[in-house]
Structure formats: structure tokens, C-alpha cells
Amino acid sequence: MTLAREKAVFSWAGYDDEAPPPVVEARDLARDYPFGAERVHALRGVTFAITEGEYIAIAGPSGCGKSTLLNLIGVIDHPTRGEVCIRGQNVGGMRDREATAFRLRNIGFVFQRFYLMPTLSARENVELPMAEAGIARVERAARARELLSYVGLEARERHRPAQLSGGEQQRVAIARALANRPAILLADEPTGELDAKTGAEIIGLFGRLNADGTTVIVVTHDEDLASSAHRKIHMRDGVIVPG
Amino acid sequence: MRFTLAWASLRRHGTRTLLAILGVAVAAAMLLDMVMMSTGMRESFRELLLSRGYQLRLAPKGTLPFDTDATMESASRITATLRTNPSIVTVSAVLGGTIHVPTGNRVVTSAALGVDPAVQGDYELLSGRDPVGSNSIAANDEFLAATGATTGDTLDVATGYDPQLRTYAGSMRLVLTGRVRFLYGAANQLATVMRLETLQKMGGADRTDDASLFMIRVRTDAEVEAARAWVELNIPDVSAISTATALAEVDKRLRYFRQLAVILGTVSLFVGFLLVTTLVTVSVNERIGEIAVMRALGVSKKHVVQQIVIEGVAISLAGAIGGLALGLVTAKYLNGILSSFPGLPSAIDFFLFQPKSAWTALGLLTISGIAAGVYPSFRAASLPIATTLREDAIA
Ligand SMILES: Nc1ncnc2c1ncn2[C@@H]1O[C@H](COP(=O)(O)OP(=O)(O)OP(=O)(O)O)[C@@H](O)[C@H]1O
Ligand SMILES: [Mg+2]
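Residues numbered from 1 in each chain as written. Chains lettered and ligands numbered in written order. Predicted model: local features only at pLDDT ≥ 70, side-chain atom pairs only at ≥ 80, totals over all residues. Heavy atoms only, no water.

**Student:** Provide a residue-level description of the sheet that holds strand S5 (residues 89-90) of chain A, including the pertinent values.
**Tutor:** All names here are of chain A. Pairing is antiparallel in the open sheet, where four strands are placed in the order S2-S1-S4-S5. Each edge of the open sheet is held by one strand with a lone partner, namely strand S2 (38-51) and S5. Looking at chain direction, strand S4 (residues 81-86) and S5 are connected through two bridges and run antiparallel. For Ile86, the partnering residue across the bridge sits in S5 and is Gln89. Seen against the sheet, helix H2 (residues 66-73) touches strand S1 (22-35), S2 and S4 and runs at an angle of roughly 60° to S2. (Pairing = 2+ DSSP bridges. Helix = DSSP H or I, 4+ residues; strand = E, 2+ residues; numbered from the N terminus. Contact = heavy atoms within 4.5 Å. Axes fitted to C-alpha atoms, helices over the stretch in contact; angles between N-to-C directions.)

**Student:** How would you explain the environment of Thr191(A) if you had to name every residue and give the values?
**Tutor:** Residue and element names in this part refer to chain A. Tracing the backbone through its elements, the reader meets Thr191 in the loop between strand S7 (184-188) and helix H7 (196-211). Each C-alpha atom of the pair Thr191 and Ala57 lies 13 Å from the other, and the pair is 134 residues apart in sequence. For Thr191, the residues in contact, after removing those within four places along its chain, are Gly199, Ile202, Ile203, Thr220, Asp222 and Leu225.

**Student:** Account for the domain arrangement of chain B, naming residues and giving values.
**Tutor:** Residues and elements named next belong to chain B. Its domain assignment divides chain B into domain 1 (2-48 + 253-394) and domain 2 (62-236). Placing the centre of domain 1 and that of domain 2 at their C-alpha centroids yields a distance of 51 Å. On the side of domain 2, seven residues touch domain 1, which itself brings nine residues to the contact. Taking both sides of the interface into account, the surface hidden between domain 1 and domain 2 amounts to around 560 Å²; carbon and sulfur atoms contribute 53%. Applying the counting criterion to the domain 1 and domain 2 interface returns zero salt bridges. Seen at the junction of domain 1 and domain 2, the total is one residue pair in polar contact (both at pLDDT 80 or more). (Domains from an automatic or database assignment. Buried area = accessible area lost by both parts, 1.4 Å probe. Salt bridge = Lys/Arg side-chain N within 4 Å of Asp/Glu carboxyl O. Polar contact = N/O pair within 3.5 Å; in protein donor to acceptor, adjacent residues only side chain to side chain.)

**Student:** Could you give me a rundown of the interface of chain B and chain A, with the residues and numbers involved?
**Tutor:** Contacts between the two partners involve 25 residues from chain B, matched on the other side by 24 residues from chain A. Of the roughly 2300 Å² buried where chain B meets chain A, counting both sides, 64% is carbon and sulfur surface. At the junction of chain B and chain A, the tally comes to two salt bridges. Here Arg295(B) ties to Asp96(A) by a salt bridge, and the two come within 2.6 Å at their closest N and O atoms. Our enumeration of links across chain B and chain A arrives at nine residue pairs in polar contact (both at pLDDT 80 or more). Within the side of chain B that touches chain A, the residues separate by chemical class into 13 nonpolar, five polar and seven charged. (Nonpolar A, V, L, I, M, F, W, Y, C, P; charged D, E, K, R; others polar.)

**Student:** An account of the pattern of salt bridges is needed here, citing residue identities and associated values.
**Tutor:** All told, the structure shown has 30 salt bridges over all chains when counted by the stated rule. Taking the shortest distance from any N to any O, the salt bridge between Arg231(A) and Glu54(A) comes out at 2.8 Å. Separated by 177 residues along the polypeptide, Arg231(A) in strand S9 (residues 231-236) and Glu54(A) in the loop between S2 and strand S3 (55-59) bring together distant segments of the chain. The same class applies to Arg231(A) and to Glu54(A), which are both buried. Between Asp251(B) and Arg258(B) there is a salt bridge, with the nearest N and O atoms lying 3.3 Å from each other. Classification of Asp251(B) by relative accessible area gives buried; the value is 18%. The class of Arg258(B) is partly exposed, set by a relative accessible area of 24%. One network of salt bridges, with partners in common, ties together Arg123(A), Glu127(A), Arg140(A), Arg145(A) and Glu157(A). (Buried < 20%, exposed > 50% of the residue type's maximum accessible area, 1.4 Å probe, protein only.)

**Student:** With reference to specific residues and values, describe the site of ligand 1.
**Tutor:** Contacts to ligand 1 come from Tyr33(A), Val40(A), Ala42(A), Ser62(A), Gly63(A), Cys64(A), Gly65(A), Lys66(A), Ser67(A), Thr68(A), His221(A) and Arg390(B). More than one chain reaches ligand 1: its neighbouring residues belong to chains A and B. In this structure, an oxygen atom belonging to ligand 1 sits 2.4 Å away from a side-chain N or O atom of Ser62(A). Between an oxygen atom of ligand 1 and a side-chain N or O atom of Ser67(A), the distance comes to 2.7 Å. Protein chains bury 73% of the 630 Å² of accessible surface belonging to ligand 1 in isolation. In terms of residue count, the dominant contributor to the shell around ligand 1 is H2(A) (three residues). Class assignment for the residues of the shell around ligand 1 results in four nonpolar, six polar and two charged. (Near = heavy atom within 4 Å. Areas by Shrake-Rupley, 256 points an atom, 1.4 Å probe, with all protein chains shown as cover.)

What follows is the structure in C-alpha cells.
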């Protein structure tokens, strides 16, 4: 690939000379899954860049490889081919220990099914990544309260997940994802389990925290959520297609 | 946070945790009892043998004290020879025999010891006086109960009963001076004690200078072995037995008990281990998704494993502490049963509590608790995160 062509591809993917350095950069990223004797090509080689402070929606039909891509950006899976760099670090080949430490400091995850620790209170859930990062008890309690009030749940800090509604649980999960001030916030169908009204609240929250400076990447079927993003990446059959 | 999570997850299934702790407690109690049993009997024997400070015992050549009815003749000569050794500070000669005491229309048969009350190491006076006079006798509670006699009573005492002729070799009137407890007595055994000369005289002409046993106190423990060798050299017709030799003999006889203890102890440890492993495995399997989420959030494998190991150890420790109490109660009960084992001094404790046993049992259980947690947690923490989350979302 010539430099000019490569540049053309990157600039199409939102990467140009004047823009700040990308926070996420993928080159020819591919992921196969073994399936018996055959291989499922979930991701067939995608190249793109995401700049600091962007709000990206990844959209496309079911099974096109959105979650697979998000997992690779989130360093909880390994690419079969190609590379993915976050803040200039190639994360695709990291060994477990390094990858774990990297996720702790740089990645915030929000899941479709919230996945809060059922035995911990809202505040303890938010504190969990901070405790892992070795932040002192007093400091993390204070930051957890701050984050909970940011997502509008300051009054519920002592409640367990089972005592919260779905939307509230998702807001706690967002506060948890922000605990260690990650470089990027990744969300896979964050409104998938919520009704329209509650989903809209979450969409509003994503917009607000992006406005406050967080880079956000969401995978979604939700048209409202996708259209609230700055930029959409459309996928089909494991590749990026023009929108 | 690891402790918070471990505690929360134990509390989440409170009943299950409690049942597991109870199970471990039962296994721990058994383990403690078996550890107590395997070390207790020997230690208890040692304490008994050394309770009056006699480190050496002389018995007829080739026998153990009171193992047979054999006696050593010319006790006075042996005593005199022993006194010539400056290491030997006390010599206590003992003769064992059987006496018959007619009470009402029946005859009570009892063991009798002839001793020198001044240096004896066989009994402990409970009330009254030692049988110092040549017409005195003291007896244990079992004898007093069987004869109905009390201190101050005069008893007709006979020895050498001939069942064919229905006659006695010797007979005397003795005054009961005191109530005693015999250190080496078996449970429910009737026993009496009198002066050595008194029992010798009742035995007839051929027993006037007999002894069954000599108990010897040597100046220092360091001199025991030398004194033992000296005795065997200078008094050829006796066997000199040191505490160490006696214990070796005891060890040999108690080997079956110890083997049983080791086997049952191992089994109970294994049962406890399996119980904790089962519980931890079940609890890890239901939390596979949670563990994958924690890993995705950046919690290290090490910390996931630690959290789960803490749970295993907590169950083991709580069980062990409960088991300690349970074990002591059952040991006391079992000791009561085994103390009446025929032929063994009732003062022997089969289950002797030594803090070391408790620590051993506790330590073994803690190790098994750690072992129980490590494998399932490491396996769960090593699962591929993305795939596990996907599968968990479907389940
Ligand atoms: N562990 C796996 N083993 C085999 N095939 C897999 C595995 N994970 C994903 N796939 C396949 O890879 C393809 C992409 O899956 P992916 O989950 O990324 O899709 P998606 O775009 O997120 O779909 P959806 O919108 O339904 O969530 C699918 O065809 C899926 O069946
Ligand atoms: Mg998906």
C-alpha cells in the first residue's frame, strides 16, 4: 500500500494531518473463530482511527462483528491478524498481566446487561476498579460519591443492584466505568435492556460525559443512540462500509 | 475489597456456607481427636511413668513390670547392691500379690501391693494415713465399696488361697488406715496396699524376701542410662528398664491405635478438603460471569484467586474452630470409654490435649482450604474474557 493510498484510507476513516493524534488506531484488524474444522470470519480486516474526545457509534446488522471489534479495542480478546493501538500502544499482542493492567487504567466498559457485582452496594461497585488500582479508601469513597452524583444517583449509594431499576443500574455501571478516568469508554448495546424513556436518559448521559471530554465508543442498534454520536462507523459482514 | 467481596459472597448463600462450616467442623473434630490420639497416649504414659520421679524400673529378667507373676528373690541383697551406686538416690521395692478378705458370707479378692510407704511411687493418699505400721492396710474406693469397710475397721486378710483344699497360706488381721488411689490401677480394679514386709510375711516362708519390682530414682536424668547399664552388669538376674525403653515398648503395643488414628485422621482431612472444594467449585461456577466482568474491568487474576481462596480459608477456619470445641467434647467422651480398656492403667489418657495437636489440625485444615480454592479460582480467572461474557449473556 502506498503512503498516499494509506493516507486516503485513514482520512476517510477520520484521520487527517491536522487532527490531534488518534486515541484508537486499527490497521487491517481481523478476528476468526474456529468452528469445527472451519473458521468463522467475524472481522475481516478493518482500518480506522478515533481521535481523543470523539463520540463514535458502531452500527450494522446483527452478526456483522460489532461486538468482536469492541472486544478487541477493549483488550479482552486477541486479533487473529492486524493491530490495534490505544494511545500509541499496540495492545493486540499484550500478555494477560499487561493487558489487565492496561484495561484497569485505560478502558471503561459498559455492558448491555449492566453486570454489577450483586453483593456490593452501588458505591462499592464504583470503588471496585479504584481499589484494584490501589487508591486509598478515603479517596476512592469520595470519588465514588462524586461519580454517583454525576450520574444522578447520590441518594442511592448504599443500595444493592437488586434494589435499583435497570436504568439506575446502568448509570452505576457508567460511574464504575469512569472510576479510573479511562482514555476511552466502550459500551456494547448499553440501552438494549432498557425501555425507550430510560434509554433516552442513558443516551443523554453519554452525550454529557462526551461533552465533558470522555472519548465514547458505543455499539448499538438504537437509532437515537447512533444519531447522538458525532460519527458512525457502519459495518457489514466483518468489514467497515461507507454509511 | 477482596475481603469485602469474599465476605459478601459467603453471606449471599448463608445457609450453604453454614452447612459447609458444620461439615468441616465435624471433619475437623475427627481430625483433632485423631491427632490427639496418635500423640496423646504416648505422652500420657510418659507423664505417668515419670509422675513420681522414678526414671528406672527393675523387673525379673526378661519381663516388664507386673507383666507376669514372677518375682525377684533376695530383695534385700538387691537393695543393698543398688545403694552402693552413688547415682542412685532412692530405691523403692514393690511386691505384688492377691489377697482375700471374707466379708459376711462371701470372700472379696483384691490386688495387693507391698511397698515402703516412705518412698513409694504407686499410690496417692486420699484420706486417713499411710499404712506405715506392720498391721496396717490402705485400700482404694473400689475395694471399700466391695467390702463395705471404712477407715479404722479391722479386716481378716488372707493370701495363698488353694482352691482344692479351700485353705489359705497365710492370714493376718490388718487395720484399715486410709483411702488411696493407685496411679497404675486399671478401671474398676480392687486394690490395697500395705508394708512390703507384711505382704512378704503373709506369702509364706518362700516369699519372705521377694519383690516384683524396684523403682529407682537416679540423681540426674543424664545418669539414667549409665545407672541402667550398671544395674544390668551388677545384678544379673534383673532387667533394668528406663522410661525410654518402657515407652518404646508402649509404642510397640499401641501401634495399632496409632495406625488407626493416622488413617481416620487422613480420611477426615480429605473429607473436609472435598467439602470445601465442592462448595468453592459450585460457587465459582455460578460466578463465572461475574469473574469475567471483574477481569474485564482490570482486576488481576491474582486478586480473583485471592478472593476465592479467602472464602475457602474462611470456611475451613470457621469449621476448624467449631471442630476444636466439638473435638474436645468428643475426645472427653471417647476417653471415658477407652479408659476402661482392660489391662491399661485408667490414668492413661488416650486423647491428651496438646496445643500442638490443635495447631496441627488447624494448620492442616487451612492448607486444605487454600488448596481447595486455588484450582477452581485459577481456572475461572484464566477463561477467555470475551467468550465467557458472550456465553454468560446467553445463559
Ligand atoms: N466465540 C465465538 N465462536 C464462534 N463464532 C463466534 C464467536 N463469537 C462471535 N462469533 C461469530 O462472529 C460473528 C460476529 O459476532 P459479533 O458478536 O461480533 O456480532 P455483532 O455484530 O455484535 O452482533 P449483535 O448485533 O447481534 O450483537 C457472528 O457470526 C458470530 O456468530
Ligand atoms: Mg454484539
